[in-house]
Amino acid sequence: MPIIRVTAHEDPRLADFDVVPDPVRLRESGQFVVEGRFAIETLLRERRFRVRALLLTESTHRALAADLAAPDRSGVDVYVASAAHFRIGGYDFHRGYLALADRPAPTRLDELLDAAPPDAPLLVLERVADPDNVGSLFRNAAAFGAGALVLSPGCADPFYRKAIRTSAGATLRLPFAAASDWPAALGLLRTRGYVVAALTPLRGAAGEATAELGDFVAGRPRERPVALVVGTEGAGLTAGALAAADARVHIRIDPSVDSLNVATAAAIALQQLYRGRSA
């Protein structure tokens, strides 16, 4: 693979990287940014992504040599910088790993469900706008065997670089779909056989009883996978999402604490489901 050596961020051959710090321009150009060795290794190994260009240092280029040698990566532009510390489009190029890739075509919800493992849970995000939380939720979903994720309108972009970095590359591995028809999408999950469980700290919200997480996991129908729905911190799940759920589930915590971070709560619930599946 040819290497393009650069010595300064003003090099006109690096013009494609000018969009790196601007998420709006990135989306308009149909691209996304990946940083860090682990995430870029994941990007290169996931064949559904077309990688446009890599900006590396001498040492990081050597670290990626095996992945870059794959035949289907032969057309990637590889820029090797003489120093790790200079700026690209106002963005500090640190750690020596930066990649630009084309955004894949969005996956429709029905396509996602057709391809999802039949016995694996889904993680459903409602209005989780913080990219760090979205990244953490993807990482937790990967750790505890979720088959895919569904995102409502108002969620942060899983291909935003902070979400990718926080997820340790899980947003590049786990399939997901954005559901525009919300909360009607939860009804589709039910018709596809999922038990839709709304994770909420609101015990008895709107007069409805909630089940403690351990009781729900022990008593759920084993022949039906769970679609676990989590909401943004603060407001939590909307009334429409709660109404569309088969069950409302809470995690028992000390009463002096109002609630858990959404990623923490989802990790606890997914681990319980994971343990229940393997028991």
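Report on the accompanying structure.

The rules behind the values
Residues numbered from 1 in each chain as written. Predicted model: local features only at pLDDT ≥ 70, side-chain atom pairs only at ≥ 80, totals over all residues. Heavy atoms only, no water. Core = buried A, V, L, I, M, F, W, Y, C linked by side-chain atoms within 4.5 Å. Buried < 20%, exposed > 50% of the residue type's maximum accessible area, 1.4 Å probe, protein only. Helix = DSSP H or I, 4+ residues; strand = E, 2+ residues; numbered from the N terminus. Phe/Tyr/Trp six-rings, centres within 6.5 Å; stacked < 30°, edge-to-face > 60°. Pairing = 2+ DSSP bridges. Axes fitted to C-alpha atoms, helices over the stretch in contact; angles between N-to-C directions. Salt bridge = Lys/Arg side-chain N within 4 Å of Asp/Glu carboxyl O.

## Overview of the nonpolar core
Proteins that are soluble and globular tend to have nonpolar side chains buried together. By size, the foremost hydrophobic cluster in this structure holds 55 residues, and its most contacted members are Leu 54, Leu 123 and Leu 125. By residue number, the principal contributor to this core is helix α12 (residues 262-278), which donates 7 residues. The next biggest cluster of nonpolar side chains, apart from the first, holds 24 residues, and it includes Leu 122, Leu 186, Ala 198 and Val 229.

## Quick look at the packing of aromatic side chains
All chains considered together, the criterion is met by 7 aromatic pairs. Pairing Phe 49 with Phe 159 gives two aromatic rings, centres 5.9 Å apart and planes at 85 degrees, and the pair type is edge-to-face. Separated by 110 residues along the polypeptide, Phe 49 in the loop between α2 (37-45) and β3 (51-57) and Phe 159 in the loop between β9 (148-151) and α7 (161-166) bring together distant segments of the chain. Its relative accessible area of 2% is what places Phe 49 among the buried residues. By relative accessible area, which is 6% here, Phe 159 ends up buried. A ring pair is formed by Phe 138 and Phe 176, whose centres lie 5.6 Å apart and whose planes are at 90 degrees; its orientation type is edge-to-face. Linking Phe 138 in helix α6 (residues 131-143) with Phe 176 in strand β10 (residues 176-178), this pair joins segments that are 38 residues apart in sequence. What makes Phe 138 buried here is its relative accessible area of 0%. Ring-pair connections join several aromatic residues into one group, and the members of that group are Phe 32, Phe 49, Phe 138, Phe 159 and Phe 176.

## Some details on the pairing of strand β7 (residues 97-102)
Looking along a regular strand, one sees the side chains alternate between the two faces of the sheet. In terms of burial, β7 is a largely internal element, 6 of the 6 residues being buried. Burial along β7 is two-sided: the face carrying Tyr 97, Ala 99 and Ala 101 and the face carrying Leu 98, Leu 100 and Asp 102 are both buried. Across 5 bridges, the pairing between strand β2 (residues 31-35) and β7 is antiparallel. When the bridges of β7 are listed, Glu 35 appears paired with Leu 98. Pairing of β3 with β7, which is carried by 5 bridges, proceeds in the antiparallel orientation. Across the sheet, the residue bridging to Leu 56 is Tyr 97, located in β7.

## Quick notes on the sheet that holds strand β4 (residues 77-81)
Taken in spatial order, the 5 strands of this open sheet run β1-β4-β3-β7-β2, and their pairing is mixed. Two strands close off the open sheet at either side, each with one partner strand: β1 (3-6) and β2. Neighbour-to-neighbour, the strand axes of the sheet open up by a mean angle of 20 degrees, direction not taken into account. Pairing between β1 and β4: 4 bridges, direction parallel. The partner of Arg 5 across the bridge, within β4, is Val 80.

## Looking at the pattern of salt bridges
If charged atoms from side chains of opposite charge come close, those side chains can pair. Tallied over the full model, the rule gives 16 salt bridges. Residues Arg 5 and Glu 58 are paired through a salt bridge, measuring 2.3 Å at the closest nitrogen-oxygen approach. Separated by 53 residues along the polypeptide, Arg 5 in strand β1 and Glu 58 in helix α3 (residues 58-63) bring together distant segments of the chain. For Arg 5, a relative accessible area of 47% corresponds to the partly exposed category.

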